[in-house]
Amino acid sequence: MRARLLLTIVALAALSTVAAAAAAPDEGLMSAPLQDTRQPVTSFAVPFSSHPDIELNDKRDVVDAYHERFLPQFNVDHGWTGSVATCTAGTTSQAYEDATLETLNYFRAMAGLPAVTFDNTFDAKAQEAALMMKARGTFEGVDPHNPDPSWDCYSADGAEAAGSSNLFLGSAGPAAIYGYVWDFGTGNESVGHRRWILDPEALTMGTGSTDSS
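In this text, all values refer to a predicted model and were calculated from it rather than measured experimentally.

Peer 1: Sorry, what's going on with unusual backbone geometry here?
Peer 2: It is generally the case that most residues other than glycine have a negative phi and that most peptide bonds are trans. Residues other than glycine seldom take positive phi values, yet C87 does so here, at roughly 50°. Within the secondary structure layout, C87 lies in the loop between α1 (59–70) and α2 (94–110). Even without being glycine, D183 reaches a positive phi, approximately 55°. Mapped onto the fold, D183 is located in the loop between α5 (173–182) and α6 (192–197).

Peer 1: It is not clear to me how the packing of α2 against α5 should be interpreted in this structure. Could you clarify?
Peer 2: Two elements in contact, α2 and α5, have axes separated by 8 Å at closest approach and are oriented at 25°. In terms of orientation, α2 and α5 fall into the roughly parallel class. Helix-helix and strand crossings are classified by hand; for α2 and α5 the assignment is right-handed. Between α2 and α5, the contacting residues are Y96, A99, T100, T103, L104 and F107 on the first element and G173, P174, I177, Y178 and V181 on the second. Per-class residue counts for the contact of α2 with α5 are eight nonpolar, three polar and no charged.

Conventions used here
- Residues numbered from 1 in each chain as written.
- Predicted model: local features only at pLDDT ≥ 70, side-chain atom pairs only at ≥ 80, totals over all residues.
- Heavy atoms only, no water.
- Helix = DSSP H or I, 4+ residues; strand = E, 2+ residues; numbered from the N terminus.
- Axes fitted to C-alpha atoms, helices over the stretch in contact; angles between N-to-C directions.
- Parallel < 35°, antiparallel > 145°, perpendicular 65-115°, else oblique.
- Left-handed = near helix turned anticlockwise from the far one by under 90°.
- Contact = heavy atoms within 4.5 Å.
- Nonpolar A, V, L, I, M, F, W, Y, C, P; charged D, E, K, R; others polar.

Below, the structure is given as structure tokens:
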């Protein structure tokens, strides 16, 4: 089985925090996931059928899952404790990490896929990468999946994570997961972020997020 790192980064604040109301992010306000320069994940045929958590052939069960499992996650505060000024990666609140995982597993369940878990080691590396991306602030003319040691708050662990992560500027946590599945924007025509989220063989992942600067 493969492991995945899900790096969700907030900087420059198109959506620095999720909305207070129980609603999915406004698609008109979201920035796109960063252009995906990685090798694509192999496509898999997944049958549309029942799932242990959601009965996909039952309209009521699907509607209930949307309102009870998906929408509430956008009300959770990030609680980020880090700082770009001191190059401290920090952490987000456990509730925010749980909300990120629940959003991820909601989309996987809707595709008939098994749930994933987050690994603490992967989380720590993804958090270092999130800090580094926030400190960088813009990726004009660079490949964010291959950070240069000259970048502010650079770390080897963060660079390793960035090379095997989904990256997002402008949204974090549940909102970034939503953005990965939508996978809009120039350079994302192959929907590589979505394919990583919905990789049937990836059962262990990690996540890292910051707040808005």
